[in-house]
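Each chain, letter by letter, is given below.
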Amino acid sequence: MFSFPRYSEINYSILELAKKRGSKIILITDRVTSPLVPYADYLLTVKIDGVGFTNSYVVPLCVAESLAILIGQKIGTDSKQRLADLDFYISKNNLY
């Protein structure tokens, strides 16, 4: 899960669903005082300070891509049901 300022309330619902399914939570956030830290099994803090007036999410995206590759290698390629479940919840909550 990604959690950055302005922290979204929907993240709590997503966490609840993931925990019910027995998932381990990897939280990628900007600081250890992020409101979702108590729910994380694994915490990765990254800098999002941009050079201008906006934040930069390049570092979190690089970390996420690296994690996706490593996790994908570990669990293998049999992920059709996982993708179908994810698609269901994305559609149910209009998260496009």
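Reference entry: report on the structure contained in this document. Only a predicted model underlies this, so the values are computations on that prediction, with no experimental measurement involved.

Observations regarding the overall build of the protein
Here is step 1: Check the secondary structure of the protein and you find three helices and three strands.
Here is step 2: Going residue by residue from the N terminus, the α and β elements of the protein occur as β-α-β-β-α-α.
Here is step 3: Structurally, the protein occupies a C-alpha span of about 40 × 30 × 25 Å along its principal axes.
Here is step 4: Within the protein, buried positions represent 18% of all 96 residues.

Observations regarding the pattern of salt bridges
Here is step 1: For the structure on display, the rule yields four salt bridges.
Here is step 2: Of the charged contacts in the structure, one is a salt bridge between Lys19 and Asp41, with a shortest N-O distance of 3.0 Å. One end of the pair, Lys19, is in helix α1 (residues 10-20); the other, Asp41, is in the loop between β2 (26-29) and β3 (42-45), and 22 residues separate them in sequence.
Here is step 3: On the basis of relative accessible area, Asp41 is assigned to the partly exposed category, the value being 32%.
Here is step 4: One salt bridge connects Arg21 with Asp85, and the closest N-O pair in it is separated by 3.0 Å. With Arg21 in the loop between α1 and β2 and Asp85 in helix α3 (residues 80-92), this residue pair connects regions lying 64 residues apart in the sequence.
Here is step 5: According to the relative accessible area criterion, Arg21 is exposed, its value standing at 52%.

Details of the pairing of β2
Here is step 1: Direction of pairing for strand β1 (residues 2-3) relative to β2: parallel, over a ladder of two bridges. Among the inter-strand pairings, Phe2 is bridged to a residue of β2, identified as Ile28.
Here is step 2: The handedness of the β1 to β2 crossover, carried by α1, is right-handed.

Some details on a nonpolar patch on the surface
Here is step 1: Taken together, the side chains of Ile10, Ile14 and Leu95 make up a nonpolar region of the molecular surface, amounting to roughly 200 Å² of accessible area.
Here is step 2: Note that Ile14 resides in helix α1.

As for the side chain of Ser34
Here is step 1: With respect to the helices and strands, Ser34 occurs in the loop between β2 and β3.
Here is step 2: A polar contact of 3.2 Å, which involves the side chain of Ser34, links it to the side chain of Thr29.
Here is step 3: Once you skip the residues sitting within four places of it in the chain, Ser34 turns out to touch Ser3, Tyr7 and Thr29.

Rules of the game
Residues numbered from 1 in each chain as written. Predicted model: local features only at pLDDT ≥ 70, side-chain atom pairs only at ≥ 80, totals over all residues. Heavy atoms only, no water. Helix = DSSP H or I, 4+ residues; strand = E, 2+ residues; numbered from the N terminus. Buried < 20%, exposed > 50% of the residue type's maximum accessible area, 1.4 Å probe, protein only. Salt bridge = Lys/Arg side-chain N within 4 Å of Asp/Glu carboxyl O. Pairing = 2+ DSSP bridges. Right-handed = clockwise from strand over helix to strand, strands pointing away. Patch = residues over 30% accessible without salt bridge, like charges linked within 9 Å, V, L, I, M, F, W, Y side chains within 5 Å. Areas by Shrake-Rupley, 256 points an atom, 1.4 Å probe, with all protein chains shown as cover. Polar contact = N/O pair within 3.5 Å; in protein donor to acceptor, adjacent residues only side chain to side chain. Contact = heavy atoms within 4.5 Å.

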